[in-house]
Amino acid sequence: MGLAKRIIPCLDVDAGRVVKGVNFVDIRDAGDPVEIAERYDKQGADELTFLDITASSDDRETMVHVVEQVASEVFIPLTVGGGIRKLADVRRMLNAGADKIAINTAAVFNPEFVKEASDHFGSQCIVVAIDAKQVGEQKWEIFTHGGRKATGLDAVEWAQKMVNFGAGELLVTSMDRDGTRNGFDLDLTRSISEAVNVPVIASGGVGNLDHLADGVIEGKADAVLAASIFHFGEYTVAEAKETMAGRGIEVRI
Amino acid sequence: MKTVVVIDYGMSNLRSVSKALEHVAGNNWQVQVSDQADVILHADKVVFPGQGAIGQCMHLLKESQLLDVIQQSVEEKPFLGICLGLQTLLTRSEENGGTAGFDVIAGTVRHFTKSPEYKIPHMGWNQVSQQAHPLWNGIPDNSRFYFVHSYYVDLVDVMAGTTAYGGVNFASAVAKDNVFAVQFHPEKSQDVGLKLLENFLNW
């Protein structure tokens, strides 16, 4: 009896369509975001995350409409990220119906933005997305631009700094694992989860349902995020919860 | 047609609350979002949501001249508090160096104690152990609702539900006369949350 570990399907959205990149490059179309969100809601998803990977600013308006539509039909927490750079972006997405906002690149280039956003809207709605690559034994570095640009920032130190700046949750993605289906980088997830006192979401690399359970048990994650294993109908969220429950993890069924 | 008004004081995610109410309202109810005293005072039912820091919340309510309006609504019509909308009803909160609340319910709002075992905020789906109340109609005992908060309401006399987290049992729902208030977010708690909102409209 207690707080359940969360399963969070992630929808990468490009110009209003759900896509899933492999190592952030090769993009496959997976369908309509509203339909997919409703499907995951029915399957028992605990939250949904939408990452806007659209490059052009015109299509950013599309994302606002997607969030509005989903928020009218699906009554579970929605996190929206991608291209969030200023307080007005945060406000616009919250007004559209998002509950939490993920800040990624803007946090790296302007850490004060995280502080401003959490002061303004509350830590509970500010998620900092951390994209990390392994650069040595038990050592990871923050990368931006879909994993192409190194920043020199140590991932664990960065995570602690972001929490001090007001992040209410961390979304930790292994850029080495993303799209590989080899499982989360459990050392990275655990290192960050044990270093901070806010919830940590494990992301990047899920290929089967046991990977999700590993993220909680070995990675010490509070929530696990996956995209492609759900998008193409390989597994349902309900099956994921059965597997996790079977390994002794408390889930919402 | 009857009206339910969601109090808007410029702080929380009102769209989620109003959308969820619209979803369950049917044709007999009109859902309004308002910061106007006369609209709130004329409504049949009032929903008072809130997120963020309590000091800022009380400050904004004062600026919007809504303190008396809330006090009056609490005394005379069905009133649903959500999250900070629960915490502000207590006597006082430890948050922001000590903040006075509406004192509708005698008790204190406390911060979860930091510990390596528990993450703060308490974020996610946790169980609510119910005590009999019409707002729980059709909702199985110990159902999971969505929580996100760092401060909690100490056990009080007028509890309607309790939840365990951070090494404590806290009041996750309170009920007193025409007031029902919850720490969790019914508007984000899928079927059981929508059912609670529907029960509130039927209460």
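Coordinates for the structure precede this section.
Quick caveat, the model's predicted, so the values are computed rather than measured.

Some points on the overall build of chain B
Helix and strand counts for chain B come out as 6 helices and 14 strands. Seen through its C-alpha atoms, chain B measures out along the principal axes to roughly 50 × 40 × 30 Å. Partitioning the intrachain contacts of chain B with sequence separation of at least 6 by distance along the chain shows that 69% fall at a separation of at least 24. Carbon and sulfur atoms make up 43% of the accessible area of chain B, which amounts to about 7,800 Å² in all.

Observations concerning the pairing of strand 6 (residues 100–103) of chain A
Residue and element names in this part refer to chain A. What you see with strand 6 is no split at all: Lys100 and Ala102 on one side and Ile101 and Ile103 on the other are buried throughout. Of the pairings in the sheet, the one linking strand 5 (residues 78–81) to strand 6 comprises 3 bridges and is parallel in character. Bridge pairing links Thr79 to Lys100 in strand 6. In the classification by handedness, the crossover that spans strand 5, the intervening helix 3 (residues 87–96) and the parallel strand 6 is right-handed. Across 3 bridges, strand 6 lies against strand 7 (residues 126–136) in parallel orientation. Looking at the pairing, Ala102 lines up with Val127 of strand 7.

Remarks on the nonpolar core
Nonpolar side chains in soluble globular proteins tend to end up buried together. Judged by nonpolar contacts, the single largest core of 79 residues is most densely connected at A:Leu48, A:Phe50, A:Ile103, A:Leu170 and A:Leu212. Considering each element in turn, this core owes the most residues, 6 residues, to helix 2 (residues 58–73) of chain A. Once residues within four sequence positions are removed from consideration, A:Leu170 is found in contact with A:Val127, A:Val128, A:Ile130, A:Ala159, A:Met162, A:Val163, A:Ile192, A:Val196, A:Val198, A:Pro199, A:Val200 and A:Ile201. Among the nonpolar cores identified, the runner-up in size contains 38 residues, and B:Val24, B:Leu135, B:Trp136 and B:Phe147 belong to it.

Digging into the sheet that holds strand 11 (residues 151–153) of chain B
Residue and element names in this part refer to chain B. Strand order in this open sheet of 4 strands is 6-5-7-11, and the pairing throughout is mixed. Sheet topology places strand 6 (99–100) and strand 11 at the edges, where each strand pairs with a single neighbour. Judged from the 2 bridges that link them, strand 5 (residues 90–93) and strand 6 form a sheet pairing that is antiparallel. Bridged to Ser93 within strand 6 is Thr99.

So, the state of the cysteines
All names here are of chain B. All chains considered together, the criterion is met by 0 disulfides over all chains. Free of any disulfide, Cys57 has its nearest cysteine sulfur in Cys83, 9.8 Å distant. Here Cys57 falls in the buried class, since its relative accessible area comes to 0%.

Regarding the pattern of salt bridges
A side chain with one charge may pair with a side chain of the opposite charge, provided their charged atoms come close. Under the criterion given, the structure shown has 21 salt bridges over all chains. When the shortest N-O distance is used, the salt bridge between A:Lys241 and A:Asp46 registers 2.9 Å. Of this pair, A:Lys241 sits in helix 10 (residues 237–246) while A:Asp46 sits in the loop between helix 1 (33–43) and strand 4 (48–52), and the two are 195 residues apart along the sequence. This pair shows no difference in class: A:Lys241 is buried, exactly as A:Asp46 is. One salt bridge connects B:Lys188 with A:Asp99, and the closest N-O pair in it is separated by 2.8 Å. On the criterion of chain membership, the pair formed by B:Lys188 in the loop between strand 14 (179–182) and helix 6 (190–202) and A:Asp99 in the loop between helix 3 and strand 6 is interchain, its members lying in two chains. Judged by relative accessible area, B:Lys188 falls into the buried class, the value being 4%. The structure contains a network of salt bridges with shared partners spanning A:Arg6, A:Glu47, A:Lys100 and A:Glu169.

Quick notes on the packing of aromatic side chains
Residue and element names in this part refer to chain B. As enumerated under the stated definition, the model contains 16 aromatic pairs over all chains in all. Here the aromatic rings of Tyr152 and Phe170 are separated by 6.0 Å at their centres, their planes lie at 50°, and the arrangement is tilted. With Tyr152 in strand 11 and Phe170 in strand 13 (residues 168–176), this residue pair connects regions lying 18 residues apart in the sequence. Using a relative accessible area of 7% as the deciding quantity, one classes Tyr152 as buried.

A few points about the interface of chain A and chain B
Contact residues are listed per partner, giving 36 residues for chain A and 30 residues for chain B. Of the roughly 2,700 Å² buried at the junction of chain A and chain B (both faces included), carbon and sulfur atoms supply 52%. Across the contact surface, chain A and chain B share 3 salt bridges. Here A:Glu250 and B:Arg144 are joined by a salt bridge, their closest N and O atoms 2.8 Å apart.

Focus on the side chain of A:Thr79
All names here are of chain A. You can see Thr79 is positioned in strand 5. Exposure remark for Thr79: the relative accessible area of 4% places this residue in the buried category. Ignoring any residue separated from it by four or fewer positions in sequence, one finds Thr79 in contact with Glu47, Leu48, Thr49, Phe50, Lys100, Ala102 and Val127.

Rules and cut-offs
Residues numbered from 1 in each chain as written. Chains lettered and ligands numbered in written order. Predicted model: local features only at pLDDT ≥ 70, side-chain atom pairs only at ≥ 80, totals over all residues. Heavy atoms only, no water. Helix = DSSP H or I, 4+ residues; strand = E, 2+ residues; numbered from the N terminus. Contact = heavy atoms within 4.5 Å. Areas by Shrake-Rupley, 256 points an atom, 1.4 Å probe, with all protein chains shown as cover. Buried < 20%, exposed > 50% of the residue type's maximum accessible area, 1.4 Å probe, protein only. Pairing = 2+ DSSP bridges. Right-handed = clockwise from strand over helix to strand, strands pointing away. Core = buried A, V, L, I, M, F, W, Y, C linked by side-chain atoms within 4.5 Å. Disulfide = S-S within 2.5 Å. Salt bridge = Lys/Arg side-chain N within 4 Å of Asp/Glu carboxyl O. Phe/Tyr/Trp six-rings, centres within 6.5 Å; stacked < 30°, edge-to-face > 60°. Buried area = accessible area lost by both parts, 1.4 Å probe.

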